[in-house]
Amino acid sequence: MRSENPRKWRFTWESQSHIPILKLYLFSAQFNPINHCDNLIIDLILEKSILKLRWSDRNLLNLVNLTVPLPRVLIDLESPLHFRTLDDHIEVKIPLLLPVDHPIVASFISDLHSGYDELLTPLTMDSGKQSAFILHFI
């Protein structure tokens, strides 16, 4: 197993207003994902607030690992991650409970910075059923 040199890779996060999806774009000028990525596997490692990408490189015949830090978001754990490889980048879509610009999310994150530890307990719905979410810290 080999870890890719992080200097070869660049990433950016994107989220559009009122859409509860966070997108990750990974770029490398020296790499064509659609031609090199076989068996792309993406894991959310919530305890460390990272997204781990692994694949086997067709040309080098080895396993490649990349790790990307997650921003502070409310991830919908019941929905699957979606990803695809294109000619010039890898795209990962992470479903969220609420859009990142939602007032509840902004208030929740600012309250966490104020030291309200009781906000780390699961949210409850009107039905009394607990909602699955994770807040990521960087």
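Remember, it's a predicted structure, so these values are computed and weren't measured experimentally. (Residues numbered from 1 in each chain as written. Predicted model: local features only at pLDDT ≥ 70, side-chain atom pairs only at ≥ 80, totals over all residues. Heavy atoms only, no water.)

I'd love a proper account of the packing of aromatic side chains, names of residues and values included.
Enumeration over the complete set of coordinates arrives at four aromatic pairs. With a centroid separation of 5.7 Å and an interplanar angle of 65 degrees, the aromatic rings of tryptophan 9 and tryptophan 55 are classed as edge-to-face. Taken together, the positions of tryptophan 9 in the loop between strand 1 (2-3) and strand 2 (10-14) and tryptophan 55 in strand 5 (residues 50-57) put the pair 46 residues apart, joining distant regions of the chain. The buried category is assigned to tryptophan 9, whose relative accessible area is 6%. (Phe/Tyr/Trp six-rings, centres within 6.5 Å; stacked < 30°, edge-to-face > 60°. Helix = DSSP H or I, 4+ residues; strand = E, 2+ residues; numbered from the N terminus. Buried < 20%, exposed > 50% of the residue type's maximum accessible area, 1.4 Å probe, protein only.)

Quick one: what's the story with the confidence of the model for the chain, residue by residue and with numbers?
In the predicted model, the chain carries a mean pLDDT of 77, and the fraction of residues at 70 or more is 70%. Across the chain, element-level confidence peaks in strand 9 (residues 89-95) with a mean pLDDT of 95 and bottoms out in strand 10 (residues 133-135) with 43. Note on residues 119-138: pLDDT under 50 across the span, and 49 contacts to partners over four residues away in sequence or across chains. (pLDDT = per-residue confidence, 0-100. Contact = heavy atoms within 4.5 Å.)

Could you give an account of the nonpolar core, naming the residues involved and the relevant values?
General note: in soluble globular proteins, nonpolar side chains tend to be found buried as a group. Leu53, Trp55, Ile90 and Val92 are the most contacted members of the largest nonpolar core, which totals 21 residues. Those elements giving two or more residues to this core turn out to be strand 3 (21-27), strand 4 (37-45), strand 5, strand 6 (62-69) and strand 9. Contact partners of leucine 53, with chain neighbours within four places excluded, come to Leu26, Leu40, Ile41, Ile42, Val64, Asn65, Leu66, Val68, Ile90 and Val92. (Core = buried A, V, L, I, M, F, W, Y, C linked by side-chain atoms within 4.5 Å.)

Could you give me a rundown of the pattern of salt bridges, with the residues and numbers involved?
Counted according to the given criterion, the structure contains two salt bridges. Residue aspartate 43 pairs with arginine 54 through a salt bridge whose shortest N-O separation is 2.7 Å. On the criterion of sequence distance, the pair formed by aspartate 43 in strand 4 and arginine 54 in strand 5 is long-range, its members being eleven residues apart. The partner of glutamate 91 in a salt bridge is arginine 84, and the shortest N-O contact between them spans 3.3 Å. With a relative accessible area of 6%, glutamate 91 lands in the buried category. A residue is classified by how much of its surface remains accessible, and arginine 84, at 44% relative accessible area, is partly exposed. (Salt bridge = Lys/Arg side-chain N within 4 Å of Asp/Glu carboxyl O.)

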